[in-house]
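# Report on the structure
The chain contents come next:
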Amino acid sequence: MKVAIIGQGYVGLTISAFAGEFFSVVGFDNNPHIVDQLNNGVSHIEGVESSVLQAWIKAGRFHATAKGEEIADADIVVIAVPTPLSSDRKPDLTFIDAACRTIGENIKKQVLVINESTSFPGTIRNYIKPAIEKYSAGKFENLYAISPERVDPGRGDYNQRNTPRLYAGLTPEASRQTHDFYSKFCDKLVEVSSPEVAEAAKLFENTFRQVNIALVNEFAQIANALGISVYETLDAANTKPYGFMKFTPSAGVGGHCIPVDPTYLAAVAEEHGAPATFIRRANEVNLEMSKYVVDRVAADNGGSLAGKSVLIVGVAYKPNVADVRETAAELVIEHLRQRGAVVSWHDDVVGNWNGEKSAPLSGAEISVVVTKHDDVKAQDILDSAPYVFDTTGKVPGAKRL
Ligand SMILES: NC(=O)c1ccc[n+]([C@@H]2O[C@H](COP(=O)([O-])OP(=O)(O)OC[C@H]3O[C@@H](n4cnc5c(N)ncnc54)[C@H](O)[C@@H]3O)[C@@H](O)[C@H]2O)c1
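A short tour of the structure in this document, coming up. None of the values given here were measured: they were computed from a predicted structure. (Residues numbered from 1 in each chain as written. Predicted model: local features only at pLDDT ≥ 70, side-chain atom pairs only at ≥ 80, totals over all residues. Heavy atoms only, no water.)

Next up on the list: the site of the ligand. As a structural note, the neighbourhood of the ligand is formed by 27 residues, with Tyr-10, Val-11, Asp-29, Thr-83 and Thr-118 the closest of them. The backbone of Thr-118 places a nitrogen or oxygen atom 2.9 Å from an oxygen atom of the ligand. Interatomic distance of 3.2 Å between a side-chain N/O atom of Arg-325 and an oxygen atom of the ligand. If the ligand stood free it would expose 830 Å²; the protein chains cover 91% of that surface. When residues of the shell around the ligand are traced back to their parent elements, those giving at least two are α1 (10-19) and α4 (94-106). (Near = heavy atom within 4 Å. Polar contact = N/O pair within 3.5 Å; in protein donor to acceptor, adjacent residues only side chain to side chain. Areas by Shrake-Rupley, 256 points an atom, 1.4 Å probe, with all protein chains shown as cover. Helix = DSSP H or I, 4+ residues; strand = E, 2+ residues; numbered from the N terminus.)

This is the structure we're talking about:
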């Protein structure tokens, strides 16, 4: 069996690494730099070991390509391309459309198309299937299924094998083949009654996180106004053995999923006349946290940040990864610069970002911790400036949310 995986980023390369044990995998990516790197056996994704890629390359079971014709004889095609928001914060399916074009124009026989990219309910039925039929001029009766990706990059305890996987085909045969594919490298598969349920479940999982993060971020502001510790209060609430799940406050949410996916759900809800006010407000609360953080820092520093040197500690969107997509650090920096602060940042995991380099962890007047990677020592952060504001709750002795 030959599997073509469209998109070799966090999701697609992770699937390539697991599938390469059992299938002949072609990793298609339209970024030639990534293709060259992968063919040299170098992984660019945390959690995917280069040694695994090298083993599959040596065994003749993996190669990367930017040439569409190399997916021609695939039996299964997995779509794992970005699903961002457009500039007016609406679902942007242009990458999905491009992937459909690659599939439609190159396949030479009936294939099973599985979408792993996160999108709104109805995407596989009403968007991907018609698009592939359009680009292939309806030559093949393909099979279509959805199996949303739940990978959490950088996480050690849950991976493709032990994270239960939802799936549903547009037809029973599509479901059966999807089950056979994933059961090789995933221990628990959960079939749902329609692709729309699987697509909606994925969006709801991330919306659940977004809303709860917004709630705890709002609560952090309430706790501060009341003069109590948000952390102590959360720990106290968390002693209840049922009906409570602890989320922790932060400078906002980042990454490709939590700030984006709920908007896919809100957009499709509103299209169907169901207002998504709660989801929309949660998004706003999380976006507003960056301003709240900067307000607190300014208030502690005589009200003005003009001309002050401020070091942001950690610009990745979460600890121990180099991913800066939608990072809350970006908005924090924007607010600081608007107030005249001279901002630099320290993050050796990220290294280079927005044309700037990671600065030393020292010598600032003010440090603001947005993300704390495990190997950055709390004491070094405390020593980096006379005033340290910590949004992570991981730097004892610093000012906290
Ligand atoms: N990263 C995560 O943690 C995560 C988790 C669950 C779901 N998802 C979802 O999975 C999807 C992919 O996300 P990701 O994090 O892997 O993105 P990514 O940006 O890491 O990778 C996407 C890859 O696709 C390539 N690409 C873009 N357009 C292409 C095209 N037309 N043809 C071939 N390759 C193309 C890019 O070059 C890139 O290498 C998104 O829908 C995302 O929401 C991501």
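Structure's up, so let's keep going.
Moving on: the sheet that holds strand β13 (residues 366-369). Strand pairing in a sheet is mediated by backbone hydrogen bonds. Such pairs are either parallel or antiparallel. Pairing is parallel in the open sheet, where five strands are placed in the order β10-β9-β13-β14-β15. Edge positions in the sheet fall to β10 (342-346) and β15 (399-400), since each of these pairs with one other strand and no more. Pairing geometry for strand β9 (residues 309-313) and β13, over four bridges, is parallel. Note that in β13 the partner of Leu-311 across the bridge is Ser-367. The sheet contacts of helix α10 (residues 277-300) involve β13, β14 (387-390) and β15, and relative to β14 the element is tilted by about 155 degrees. Contacts between helix α11 (residues 328-338) and the sheet are confined to β9 and β10, with β9 contributing the most and set at about 175 degrees to the helix. (Pairing = 2+ DSSP bridges. Contact = heavy atoms within 4.5 Å. Axes fitted to C-alpha atoms, helices over the stretch in contact; angles between N-to-C directions.)

Next up on the list: the nonpolar core. Nonpolar side chains in soluble globular proteins tend to be buried together. In terms of nonpolar packing, the biggest core is built from 39 residues, with Val-297, Leu-305, Ile-312, Val-315, Leu-336, Trp-353 and Val-368 touching the most fellow members. Looking at this core, the elements that each hand over two or more residues are α7 (195-226), α8 (230-237), α10, β9, α11, β10, β13 and β14. Looking at this core, the element that brings in the most residues is α10, giving six residues. Counting 34 residues, the second largest nonpolar core, distinct from the first, contains Ile-71, Ile-128, Tyr-264 and Leu-265. (Core = buried A, V, L, I, M, F, W, Y, C linked by side-chain atoms within 4.5 Å. Buried < 20%, exposed > 50% of the residue type's maximum accessible area, 1.4 Å probe, protein only.)

Examined against the element boundaries, His-335 turns out to sit in helix α11. The class of His-335 is buried, set by a relative accessible area of 16%. With sequence-adjacent residues up to four places away left out, His-335 is seen in contact with Ser-290, Lys-291 and Val-294.

With respect to the helices, strands and loops of the structure, Thr-83 is situated in the loop between β4 (76-79) and α4. Residue Thr-83 is classed as buried on the basis of its relative accessible area of 4%. Of the polar contacts made by the side chain of Thr-83, one reaches the backbone oxygen of Thr-118; its length is 2.7 Å. Leaving out residues up to four positions away in the same chain, Thr-83 has contacts with Asp-92, Leu-93, Ile-96, Ser-117, Thr-118, His-256, Val-260 and Tyr-264.

This next bit is on a nonpolar patch on the surface. On the surface, Phe-204, Phe-208 and Met-245 cluster together to form a nonpolar patch covering roughly 330 Å² of accessible area. Judged by relative accessible area, Phe-204 falls into the exposed class, the value being 52%. (Patch = residues over 30% accessible without salt bridge, like charges linked within 9 Å, V, L, I, M, F, W, Y side chains within 5 Å. Salt bridge = Lys/Arg side-chain N within 4 Å of Asp/Glu carboxyl O.)

On to the environment of Ser-194. Here Ser-194 shows up in the loop between β8 (189-191) and α7. As for Ser-194 and Leu-170, which are separated by 24 residues in sequence, their C-alpha atoms are 7.1 Å apart.

Pairs can form between side chains of opposite charge once their charged atoms are near each other. What the rule picks out here adds up to 22 salt bridges. A salt bridge links Arg-176 to Asp-180; the nearest nitrogen and oxygen atoms lie 3.0 Å apart. With a gap of four residues between them, Arg-176 and Asp-180 both fall in helix α6 (residues 172-182), about one helical turn apart. Taken together, the shared-partner salt bridges in this structure form one network comprising Glu-116, Glu-149 and Arg-165.

Empty space within the second largest pocket amounts to approximately 340 Å³. Where the lining of the second largest pocket is concerned, the elements lending two or more residues are α1 and α3 (50-58). With four residues, α1 is the single largest residue contributor to the lining of the second largest pocket. Per-class residue counts for the lining of the second largest pocket are twelve nonpolar, six polar and six charged. (1 Å grid on protein atoms, 1.4 Å probe; cavity = no way out; pocket = protein on both sides within 12 Å on 5 of 7 lines; lining within 4 Å. Points joined across faces, edges and corners; volume = space filled by probe spheres on them. Nonpolar A, V, L, I, M, F, W, Y, C, P; charged D, E, K, R; others polar.)

A few words on the pairing of strand β2 (residues 24-28). Burial analysis of β2 places four of its five residues in the buried class, which makes it a mostly covered element. Strand direction decides the pairing type here: strand β1 (residues 2-6) and β2, joined by five bridges, are parallel. Opposite Ile-6, over in β2, you have Phe-28 as the bridge partner. Between the parallel elements β1 and β2, the chain passes through α1 in a crossover that is right-handed. Judged from the four bridges that link them, β2 and strand β3 (residues 62-65) form a sheet pairing that is parallel. Bridge pairing in β3 places Phe-28 opposite Thr-65. (Right-handed = clockwise from strand over helix to strand, strands pointing away.)

What follows is about the sheet that holds β2. Spatial ordering of the open sheet is given by β3-β2-β1-β4-β5-β6-β7-β8, a layout of eight strands whose pairing is mixed. Both outer strands of the open sheet, β3 and β8, are each paired with one neighbouring strand and no more. Across the sheet, the mean angle from the axis of one strand to that of its neighbour is 25 degrees, orientation sign disregarded. In the packing of α7 onto the sheet, the strands contacted are β6 (143-146) and β7 (165-169), and the crossing angle to β7 comes to about 150 degrees.

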